[in-house]
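Remarks on the overall topology
Spelled out, the chains give:
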Amino acid sequence: MEQEEPKISEGLKGVYITKSSICKVDGEKGKLYFRGYSIESLAKNSTYEEVCYLLLYGKLPTRSELDDFTYKLREERDLPKETLRLIKKLAEKTDPNDLTRTAISSLSVLDKETTDNSKEANIQRSIKLISKTASIVGAISRYRTRKRYVKPDMNMTHAQNILYMISGKRPLDKASKLMDTMLILHAEHSTNASTFATLVTASTLAGIYSAVTAGVSALKGPLHGGADEAALEMMKEIGDPNNTEKFIEDELSKKERVMGFGHRVYKTYDPRARILKEYLENLQNDSNDEVKKLTQIAMRAEKLMVEKLGASHGIWPNVDFFAGPIYTWLGIPHEIFDPIFAASRMVGWCAHTIEYLDNNVLFRPLEEYIGKEDLEYIPINNRV
Ligand code: SDX
């Protein structure tokens with residue numbers, strides 16, 4: 001019987017791999033929901049700690065549940081001495097994204113009960129991972145520029161503490177609120193490439209530390225989490241806002257991808273980018289010349305890209321485009337953008353791991369073999 005032509009979906013485009021109740025991404029309408037709550041309502045009303053609880057437990061916490069969860073997160077901010085030593089040793093000579101991955105991986109040194117794969121045990125591990133990844137970002141940010149390590153402050157919110165560990169100074173409330181919103185917007189996004197990498201690894205029962213290490217590895221790429229840094233570098237390369245349109249036109253004529261635009265699922269404006277654009281516009285009266293110039297370039301690039309490729313090609317700004325000027329306003333070096341993305345998305349990777357393990361099925365896709373078959377083995381002395 002004639003063998004049926006296998007149906008191949010490059011990059012798993014359009015393929016559903018599982019069912020989930022964590023996150024809905026509506027690519028046609030440009031809507032995003034975490035456990036049924038819109039990203040707009042969470043960005044406006046919630047906090048990163050509350051969103052972590054929502055993603056992990058599937059419901060908004062009561063006041064006492066949130067207080068207890070927040071206390072547990074703060075308790076876990078300190079890093080194992082082995083992890084700190086590793087970061088200090090490598091920070092000046094290692095890419096911050098690679099070092100974030102290595103440091104996250106080292107956290108398994110804490111885990112004595114690796115055989116307990118229960119939901120409760122993985123939630124406790126998730127709290128450790130969420131909290132300690134933020135401290136890892138702080139440590140890398142300091143050690144890579146030969147500054148002393150700033151110990152986490154247990155009296156600060158998650159967002160405040162990240163900024164404090166990076167800068168060594170107590171952040172202003174406006175900065176803390178903005179950082180908190182950045183963390184919320186980046187926390188989760190269904191089965192994106194890094195979350196899928198996490199699930200594939202989790203499905204072998206390798207454990208949550210291995211799973212999230214796979215996730216942070218995938219996030220680094222400029223087609224995924226690394227786009228925020230690449231987009232800012234493009235804005236810096238443009239330099240003068242009056243060069244924007246020519247630069248973008250040149251890139252498009254060379255069939256280059258403009259970083260921070262396009263998305264596999266959103267075929268309209270990424271709702272997170274819409275929120276970030278508004279935040280960036282509202283920062284103008286409180287920005288230095290560098291951020292003002294970056295903002296003008298970003299707005300002019302966005303206008304041109306939307307005119308040229310928006311409705312016609314379904315290529316719109318995504319979460320990564322406006323992030324760079326905002327992180328710059330927050331005083332965060334571009335090398336730390338993606339480690340912060342990883343710190344925020346840690347909760348999404350953990351929530352999906354826990355949910356998927358409830359009905360675990362090993363990922364093992366097929367490929368259509370197009371090579372040779374049944375070749376005769378020629379001894380090496382007879383080969384030409
Ligand atoms: C994130 O998946 C998620 O949810 C990810 C994320 C999350 O929160 O986890 O939302 C975060 O990763 C956002 C995306 C960040 N990446 C970038 O900004 C990098 C630039 N964008 C592109 O590389 C691209 O848009 C992707 C990778 C994001 C999506 O690409 P697809 O769906 O695989 O589409 P494609 O690469 O096949 O492109 C289709 C066409 C191509 O043209 P043709 O070859 O058909 O002529 O659109 C063009 C592409 O060249 N195109 C672009 C473009 N993106 C796609 N052209 C110019 N600039 C771009 N940015």
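The coordinates are above.
A short tour of the structure in this document, coming up. (Residues numbered from 1 in each chain as written. Predicted model: local features only at pLDDT ≥ 70, side-chain atom pairs only at ≥ 80, totals over all residues. Heavy atoms only, no water.)

1. Some points on the packing of helix H2 (residues 48-57) against helix H16 (residues 337-358)
In a packed pair of helices, the relevant descriptors are the angle between the two axes and the axis-to-axis distance. Two numbers describe how H2 lies on H16: the axes approach to 9 Å, and their chain directions differ by 15 degrees. By the criterion of interaxial angle, the relationship of H2 to H16 is roughly parallel. Between H2 and H16 lies a crossing of right-handed hand. Listed contacts from H16 to Tyr48, Cys52, Leu55 and Leu56 of H2 are Ala343, Ser344, Val347, Cys350, Ala351 and Ile354. Of the residues assigned to the contact of H2 with H16, the class counts are nine nonpolar, one polar and no charged. (Axes fitted to C-alpha atoms, helices over the stretch in contact; angles between N-to-C directions. Helix = DSSP H or I, 4+ residues; strand = E, 2+ residues; numbered from the N terminus. Parallel < 35°, antiparallel > 145°, perpendicular 65-115°, else oblique. Left-handed = near helix turned anticlockwise from the far one by under 90°. Contact = heavy atoms within 4.5 Å. Nonpolar A, V, L, I, M, F, W, Y, C, P; charged D, E, K, R; others polar.)

2. Digging into the sheet that holds strand S1 (residues 23-26)
Taken together, three strands build an open sheet; the order of strands is S1-S2-S3 and the sheet is antiparallel. The open sheet has two edge strands, S1 and strand S3 (37-38), and neither has a second partner. As paired strands, strand S2 (residues 31-34) and S3 are joined by two bridges and run antiparallel to one another. Its bridge partner being in S3, tyrosine 33 is matched across the sheet by serine 38. (Pairing = 2+ DSSP bridges.)

3. Description of the nonpolar core
The biggest cluster of nonpolar side chains holds 107 residues, and the ones touching the most others in it are Phe34, Ile87, Met179, Leu330 and Ile332. At 11 residues, H16 tops the list of elements feeding residues into this core. The contacts of leucine 330, once residues within four sequence positions are left out, are Leu163, Ala175, Leu178 and Met179. (Core = buried A, V, L, I, M, F, W, Y, C linked by side-chain atoms within 4.5 Å. Buried < 20%, exposed > 50% of the residue type's maximum accessible area, 1.4 Å probe, protein only.)

Limitation: the analysis is restricted to geometry and does not speak to function.
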